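The residues making up each chain are set out below.
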Amino acid sequence: MNQKPTAYNNRLGIKGWVYAGKYTFERYLYLAHRLTGLGLIAYMVLHIVETANRMRGVEAWEGLMALFASWPFKIIEYLLFAAAVFHALNGVRLLMTELGFFLGKPKEPVYPYSSAIKRHRPLTYIIMTLAGLIIILGGSSLFFP
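These figures come from a predicted structure and were not determined experimentally.

Draft legend 1. Representation of the overall build of the protein chain. What the protein chain contains, in helices and strands, is 5 helices and 0 strands. Mapped in sequence order, the helices and strands of the protein chain form the string α-α-α-α-α. The buried share of the protein chain, taken over its 145 residues, is 20%. A separation of at least 24 residues holds for 68% of the contacts in the protein chain among residues at least 6 apart in sequence.

Dropping the structure here:
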């Protein structure tokens, strides 16, 4: 009796990665943390390429800087700033959570088990509110000098 193991249908593609079904707020933050991290890595690569353009001469450099001073690049710069702020503050929240802050005293594991998420959810709201305020204030100084 050599039965082949049953395979699970994991062919959801992007929908399976993004669709949140019964996900919590923290799961959305996890997804946003990954996406902003990938965006920041892409920016680092593009920044190195842009800086290497300096070797092409002063005219090429000034032309590229004039392009970067246009309004579409100001919006991209703002999105980069927002991604960096969110990623940094969410990283602080994750660090505090992983180190055990806001988890409370350990309890005896009696069913139904209490979730630690409810104990550090206020920290999540505070950090994300702070991130939102910094992003709004940063945008005001970027668009209204």
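Draft legend 2. Summary view of the nonpolar core. In terms of nonpolar packing, the biggest core is built from 11 residues, these being Leu 29, Tyr 78, Ala 82, Val 85, Phe 86, Leu 89, Leu 123, Ile 127, Met 128, Ala 131 and Ile 135. Non-local contacts of Leu 29, meaning those with residues more than four positions away in its chain, are made with Phe 86, Asn 90, Arg 93, Thr 124 and Met 128.

Draft legend 3. View of the packing of aromatic side chains. Evaluation of the coordinates by the stated rule reveals 2 aromatic pairs. Taking the centre distance of 5.8 Å and the plane angle of 40 degrees together, the rings of Phe 25 and Tyr 125 count as tilted. Taken together, the residues Phe 25 in helix 2 (residues 25-52) and Tyr 125 in helix 5 (residues 117-143) connect sequence positions 100 residues apart. Relative accessible area serves as the criterion here: at 32%, Phe 25 is assigned to the partly exposed category. For Tyr 125, a relative accessible area of 43% translates into the label partly exposed.

Draft legend 4. Molecular detail of the pattern of salt bridges. Scanning all chains against the criterion turns up 2 salt bridges. The salt bridge partner of Arg 121 is Glu 26, with a shortest N-O separation of 2.9 Å. Taken together, the positions of Arg 121 in helix 5 and Glu 26 in helix 2 put the pair 95 residues apart, joining distant regions of the chain. Taking the relative accessible area as the measure of exposure, Arg 121 reaches 21% and is therefore partly exposed. Looking at Glu 26, the relative accessible area reads 12%, which means it is buried. For Lys 74, the salt bridge identified is with Glu 77, shortest N-O distance 3.9 Å. Residue Lys 74 and its partner Glu 77 are both found in helix 4 (residues 71-98); the two are separated by 3 residues, about one turn of the helix. Here Lys 74 falls in the partly exposed class, since its relative accessible area comes to 30%. When its relative accessible area of 36% is taken as the criterion, Glu 77 is described as partly exposed.

Draft legend 5. Representation of helix 4 in the model. Its 28 residues give helix 4 an end-to-end C-alpha distance of 40 Å, which sits within 8% of 40 Å, the value for a rise of 1.5 Å per residue. Among the residues of helix 4, those classed as buried are Tyr 78, Ala 82, Ala 83, Val 85, Phe 86, Leu 89, Asn 90, Arg 93 and Thr 97.

Draft legend 6. Up close: the environment of Ala 131. Relative to the helices and strands, Ala 131 is located in helix 5. Linking Ala 131 and Ala 84, residues 47 residues apart in sequence, is a C-alpha distance of 9.9 Å. Not counting residues up to four positions away in its chain, the partners in contact with Ala 131 are Val 85 and Leu 89.

The rules behind these values
Residues numbered from 1 in each chain as written. Predicted model: local features only at pLDDT ≥ 70, side-chain atom pairs only at ≥ 80, totals over all residues. Heavy atoms only, no water. Helix = DSSP H or I, 4+ residues; strand = E, 2+ residues; numbered from the N terminus. Buried < 20%, exposed > 50% of the residue type's maximum accessible area, 1.4 Å probe, protein only. Contact = heavy atoms within 4.5 Å. Core = buried A, V, L, I, M, F, W, Y, C linked by side-chain atoms within 4.5 Å. Phe/Tyr/Trp six-rings, centres within 6.5 Å; stacked < 30°, edge-to-face > 60°. Salt bridge = Lys/Arg side-chain N within 4 Å of Asp/Glu carboxyl O. Expected span 1.5 Å × (residues − 1).

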